[in-house]
Amino acid sequence: MGYFGNHLATLVTGVFAAVLTGLWSYFIDFAPILNFVFIMAVPITWFLTFTCWISQKSADYMHNHAPSHSEKKSLSNTQIIESTVGNQVSFSEIKKIQDELSVELNNVKESVKLKDSEIERLNQEISNLQTLVQIESLKTELTNLKMLASGRKTKRK
């Protein structure tokens, strides 16, 4: 972490901004172009100091409040699998949903001429379902395919 708590960039930029601010008063009447350089440089360096400070505060907050690796749940082949939304789904319920989704996919396959690779990818996703989030995502994709199928049928008539 260091003596300055990872704020070394903020400290260096702040010291540079303070030095520029201090030098500005000595060189204000030296040359008009130098005055313009200070008018541009001083606010920019103070803005950079503020930006460094805010970004380091944000990084510190995220590292202190982010979940650690030990808190993350691992999915295993147990009878109950916890999803990211906190609902529990039993293994038999997942099998039942997989079967329902496979039947829906076969119905959609008959009504829409999908590429074989797309059908294979969806079948692979159905066989790998483990959480409610994945199930809902796949149901949404199948609903979109059904909408495409119904749209194509109405255009053909």
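This text follows the structure it describes.
Summarised in this report is the structure supplied together with it.

Criteria and thresholds
Residue numbering note: each chain is counted from 1, following its sequence as written. The predicted nature of this model means local features are confined to residues of pLDDT at least 70 and side-chain atom pairs, given and counted, to a pLDDT of 80 or more, with totals for whole chains, interfaces and linings taken over all residues. With hydrogens and water excluded, all non-hydrogen atoms of the structure serve as input to the side-chain values. Comment: elements are numbered from the N terminus, with helices defined as DSSP H or I runs of at least four residues and strands as E runs of at least two. For each residue, the accessible area found with a 1.4 Å probe, counting protein chains only, is set against the maximum for its type, and the residue is called buried under 20%, exposed over 50%, and partly exposed in between. We call two residues in contact whenever any of their non-hydrogen atoms come within 4.5 Å of each other. Throughout, the Shrake-Rupley method with a 1.4 Å probe supplies accessible areas, and for residues the shown protein chains are the sole cover considered. Each axis is a line fitted through C-alpha atoms, taken for helices only over the stretch in contact, and angles between the N-to-C directions span 0 to 180 degrees. Working rule for angles: under 35 degrees goes down as roughly parallel, over 145 as roughly antiparallel, 65 to 115 as roughly perpendicular, anything else as oblique. Should the near helix be turned counterclockwise from the far one by less than a right angle, the crossing is left-handed, whereas a clockwise turn marks it as right-handed. In the scheme used here, Gly and all other residues not listed as nonpolar or charged are polar, with Ala, Val, Leu, Ile, Met, Phe, Trp, Tyr, Cys and Pro taken as nonpolar and Asp, Glu, Lys and Arg as charged. Each patch is built from residues that are more than 30% exposed by relative accessible area and take part in no salt bridge. Like charges join if they lie within 9 Å; nonpolar side chains (Val, Leu, Ile, Met, Phe, Trp, Tyr) join within 5 Å. By definition here, a salt bridge exists when the distance from a side-chain nitrogen of Lys or Arg to a carboxyl oxygen of Asp or Glu is within 4 Å. By nonpolar core is meant a set of buried Ala, Val, Leu, Ile, Met, Phe, Trp, Tyr and Cys residues that side-chain atoms within 4.5 Å join together. Paired rings are identified among Phe, Tyr and Trp, the last through its six-membered ring, by centres lying within 6.5 Å, and are further divided according to the angle between planes into stacked (under 30 degrees), edge-to-face (over 60) and tilted (the rest). To estimate the expected span of a helix, count its residues, drop one, and scale the result by 1.5 Å.

Here we look at the overall build of the chain
Assigned secondary structure in the chain consists of five helices and two strands. The order of α-helices and β-strands along the chain, N terminus first, is α-α-β-β-α-α-α. Buried positions account for 21% of the 157 residues belonging to the chain. If you take every contact in the chain between residues at least 6 apart in sequence, the share linking residues at least 24 apart comes to 59%. Of the accessible surface of the chain, which amounts to about 11,800 Å², a share of 61% is contributed by carbon and sulfur atoms.

As for the packing of helix α1 (residues 8–26) against helix α2 (residues 32–65)
It is at 9 Å that the axes of α1 and α2 come closest, and there the two elements cross at 155°. In this view, α1 runs roughly antiparallel relative to α2, as classed from their interaxial angle. In the crossing of α1 with α2, the sense of the turn from one axis to the other is left-handed. Taking contact as the criterion, the partners of A9, T10, T13, G14, F16, A17, A18, L20, T21, L23 and W24 in α1 are, on α2, N35, F38, I39, A41, V42, T45, W46, L48, T49, C52 and W53. Looking at side-chain class alone, the contact of α1 with α2 contains 15 nonpolar, seven polar and no charged residues.

A word on a nonpolar patch on the surface
Judged by side-chain polarity, F4, L8, L11, V12, V15, V19, L23 and Y26 come together as a nonpolar surface patch covering roughly 770 Å² of accessible area. Positionally, V19 belongs in helix α1. On the basis of relative accessibility, which here comes to 43%, the residue V19 falls in the partly exposed class.

With respect to the nonpolar core
Across soluble globular proteins, you tend to see nonpolar side chains buried next to one another. In this structure, I97, L101, L105, V108, I119, L122, I126, L129, I135, L138, L142 and L145 together form the largest nonpolar core, which totals twelve residues. For this core, the secondary-structure elements that each account for two or more residues are α3 (91–111), α4 (116–127) and α5 (132–156). Not counting residues within four places of it along the chain, the set of residues in contact with L101 comprises I126, L129, L138, K139 and L142.

Side note on the packing of aromatic side chains
Within this structure, the stated rule accounts for four aromatic pairs. Note on F27 and F30: the rings are 5.9 Å apart at their centroids and 75° apart in plane angle, and the pair reads as edge-to-face. Look at F27 and you get partly exposed, because its relative accessible area is 30%. Taken together, the aromatic side chains of W24, F27, F30 and F38 make up a single cluster linked through ring pairs.

Regarding α2
For α2, which comprises 34 residues, the first-to-last C-alpha distance of 50 Å matches the rise-based estimate of 50 Å (1.5 Å per residue) to within 8%. Considering only its buried residues, α2 is in contact with α1.

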